Amino acid sequence: MEEIEKRLQTYALSEKITPLPEIASKLEVGVSFLSYHFPELTRVVVQKNQGLRKVESDKRYYQFTDEISKIIVDLEKEGAVPSYNKVRCRMVEYHGFRYKDFTRLWGQAMKEWQAS
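Throughout, residues of each chain are indexed from 1 in the direction in which the sequence is written. Owing to the predicted nature of the model, reporting of local features is limited to residues with pLDDT of at least 70; listing and counting of side-chain atom pairs is limited to 80 or more, with chain, interface and lining totals taken over all residues. The side-chain figures draw on all heavy atoms in the structure; neither hydrogens nor water molecules are used.

**Observations regarding helix α4 (residues 39–77)**
Okay, step 1: Comment: elements are numbered from the N terminus, with helices defined as DSSP H or I runs of at least four residues and strands as E runs of at least two. By this rule, a helix spans an expected 1.5 Å times one less than how many residues it contains. With 39 residues, α4 ought to run about 57 Å at 1.5 Å a step, and its terminal C-alpha atoms sit 57 Å apart, in line with that.
Okay, step 2: Note on α4: the residue one or two positions beyond its end, Gly79, has a positive phi of about 85°.

Pasting the structure below:
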C-alpha cells in the first residue's frame, strides 16, 4: 500500500499529463481503489492534469490567433480581402479547433485589423 502511495505521489509531482486510468493500470489497481484509499492524492493528480491541459489549450489558442492575424496581414499586403475562406484555406494546421472556434477567432482578428 505504501509503495502504491509513493508511486502515486511521483505521478502527482510530475509535469506530464498522465490520465488517472493510465496511472491505475500501471499501478495494477483500479481507479476506484485509488480514489477510495488516496482521495486527496487522487484529487491532486486530477487537478494537475486539468491545469496542464488548460495551459496546452491556452498555448494553442494564442498560436492559432497569431497565425490568423499574420495571414490577414499577408493577404492585405497582397491586395486581397482577408475573407473567412481565404484565411481558412491558408491555415497550415487547423490545430483541432472547431468551426465555431475558428469563426470566433477570425471575427476577433478582423475587428482588430479593421480598427488599425
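Moving on from the model shown.
**Observations regarding the pattern of salt bridges**
When charged atoms on two side chains of opposite charge get close, those side chains can pair.
Okay, step 1: By convention in these notes, a salt bridge is any Lys or Arg side-chain nitrogen within 4 Å of a carboxyl oxygen on Asp or Glu. Counted according to the given criterion, the structure contains 5 salt bridges.
Okay, step 2: A salt bridge links Arg43 to Glu40; the nearest nitrogen and oxygen atoms lie 2.5 Å apart. Placement of both Arg43 and Glu40 in helix α4 is noted, with a separation of 3 residues, approximately one turn of the helix.
Okay, step 3: For each residue, the accessible area found with a 1.4 Å probe, counting protein chains only, is set against the maximum for its type, and the residue is called buried under 20%, exposed over 50%, and partly exposed in between. The class of Glu40 is exposed, set by a relative accessible area of 54%.
Okay, step 4: Here Arg90 ties to Glu78 by a salt bridge, and the two come within 2.6 Å at their closest N and O atoms. Taken together, the positions of Arg90 in helix α5 (residues 84–90) and Glu78 in the loop between α4 and α5 put the pair 12 residues apart, joining distant regions of the chain.
Okay, step 5: With a relative accessible area of 37%, Arg90 lands in the partly exposed category.

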